[in-house]
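Notes for the structure review
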Amino acid sequence: MTERLVTFIRRHRQAVEEELGDRLPLSSQPHALRLNEAIRYSLFPGGKRWRPLLTLLGAELAGARAGAAMPAACAMEYLHTSSIILDDLPAMDDAEVRRGRKTLHLVFGESVAMLAALALLNESYALLARNAREVGNDGAAARLVEKAAACIGANGMIGGQAVDLVLQGEGRGAAALASRNLKTTALMRLTMAAGAIACGAEEEEAVALADFGESLGMAYQICDDLLDELGASDVLGKPAKQDARHARATHVAELGIEGAQRLAADLVDDGVRTLRGRFGDRSEVDLLADASALILHAAAQRTVAAA
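Residues numbered from 1 in each chain as written. Predicted model: local features only at pLDDT ≥ 70, side-chain atom pairs only at ≥ 80, totals over all residues. Heavy atoms only, no water.

Helix and strand content of the chain: 14 helices and two strands. Sorting the 307 residues of the chain into buried and exposed places 53% on the buried side. Within the chain, counting contacts between residues at least 6 apart in sequence, those at least 24 apart form 74% of the total. For the chain, the computed accessible surface area is about 13,300 Å², with 53% contributed by carbon and sulfur atoms. (Helix = DSSP H or I, 4+ residues; strand = E, 2+ residues; numbered from the N terminus. Buried < 20%, exposed > 50% of the residue type's maximum accessible area, 1.4 Å probe, protein only. Contact = heavy atoms within 4.5 Å. Areas by Shrake-Rupley, 256 points an atom, 1.4 Å probe, with all protein chains shown as cover.)

So this is what it looks like as structure tokens:
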């Protein structure tokens, strides 16, 4: 990890953690304690918080103060967390471990887990609209909610999950991969652009950020495929070999380990070139390149260790 990326993370990580706690969609109802406990359990302790940090970085690249995009950053983490709660359910991946401990439904039951996911999902919409209004950019509120709904909806995360379920055991080829990738790429497009849009970014800036998010999301999914194939559950913090267990289409299955690694590296290079073409040689572009390289490096290390 480069020193400049370490500095950025140190500057914002604690604020992200505090804001995530302060903005939790907790119920004030007298008998909702179990729900509130489940929501807290799902968020804390969290992962690396890449998504909120990337949202802040995207806002900075578009000329805003990173802190001004904090509600959008929290919304991205809530969206991500809601998606993995649902993804882990017995009807989906039937996972037992997430972030190094028991999955939410195993601790609180499936019904409470689903309600916690819905609470986080709904709050994300409110946070996006609120962010735009807080910085005096009222016109972006509806635009952000529409983009979030598209990201999550039938041609986004939900559609990708639906295809993933249908193709389990038989899904191979480019079409299956493209549909499955929606679960990751749709959210990463929104992650990169949401804070910038809330803070008044121009349309071309938002498109460039979203396009980078597409490339990074694809590379991230490829790395996730590699780690699922090569990593150990105790290191990953979630079950390994899930893709093989569900007979999913993966980049590793289609391209092999080396081919998947090459594609991930090419995608990141293309994404960084897109950013440089729109924003020039800004320090924030260098930070995004550093973060992308770190994701690729983690997968490469696991590959070497397994060889």
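Continuing now.
The next subject is the side chain of arginine 23. Locating arginine 23 in the fold gives a position in the loop between helix H1 (3–22) and helix H2 (33–43). Polar side-chain contacts of arginine 23 include one of 2.8 Å to the side chain of glutamate 19. Residues within four places of arginine 23 in sequence aside, it is in contact with Pro71, Cys74, Tyr78, Glu123, Leu127, Arg130 and Glu134. (Polar contact = N/O pair within 3.5 Å; in protein donor to acceptor, adjacent residues only side chain to side chain.)

Moving on, we come to H2. Listed in full, the buried residues belonging to H2 are Asn36, Ala38, Ile39, Tyr41, Ser42 and Leu43. Against helix H4 (70–88), strand E2 (101–102), helix H5 (104–108) and helix H6 (110–134) lie the buried residues of H2.

Looking now at the nonpolar core. By size, the foremost hydrophobic cluster in this structure holds 87 residues, and its most contacted members are Leu56, Met76, Leu104, Leu128, Leu209, Leu275 and Leu288. Discounting residues that sit within four places of it in the chain, methionine 76 has contacts with Arg51, Thr55, Leu128, Leu187, Leu190, Thr191 and Ala194. (Core = buried A, V, L, I, M, F, W, Y, C linked by side-chain atoms within 4.5 Å.)

Before going further, it helps to spend a moment on unusual backbone geometry. Residue proline 45 follows phenylalanine 44 across a cis peptide bond; omega there is -10°. Tracing the sequence through the fold places proline 45 in the loop between H2 and helix H3 (50–61). One non-glycine residue, arginine 49, lies in the positive phi region at around 60°. Topologically, arginine 49 is positioned in the loop between H2 and H3. A residue is classified by how much of its surface remains accessible, and arginine 49, at 2% relative accessible area, is buried. Although it is not a glycine, arginine 99 sits at a positive phi angle of roughly 55°. Tracing the sequence through the fold places arginine 99 in the loop between strand E1 (97–98) and E2. The class for arginine 99 is partly exposed, based on a relative accessible area of 25%.

Right, let's get into the packing of H1 against H3. One way to put it is that H1 packs onto H3 with a least axis distance of 10 Å and a crossing angle of 110°. Comparing the axis directions of H1 and H3 gives the class roughly perpendicular. Considering how the two elements wind past one another, H1 and H3 form a crossing that is right-handed. Seen from H1, the contacting residues are Leu5, Phe8, Ile9, Arg11, His12, Arg13 and Val16; seen from H3, they are Trp50, Pro52, Leu53, Leu56, Leu57 and Glu60. Tallied by class, the residues present in the contact of H1 with H3 amount to nine nonpolar, one polar and three charged. (Axes fitted to C-alpha atoms, helices over the stretch in contact; angles between N-to-C directions. Parallel < 35°, antiparallel > 145°, perpendicular 65-115°, else oblique. Left-handed = near helix turned anticlockwise from the far one by under 90°. Nonpolar A, V, L, I, M, F, W, Y, C, P; charged D, E, K, R; others polar.)

Moving on, we get to the packing of helix H10 (residues 203–230) against helix H13 (residues 251–279). Contact pair H10 / H13: the axes reach a minimum separation of 8 Å and the direction vectors enclose 160°. Comparing the axis directions of H10 and H13 gives the class roughly antiparallel. For the pair H10 and H13, the crossing hand works out as left-handed. Counted by class, the contact of H10 with H13 contains 18 nonpolar, six polar and six charged residues.

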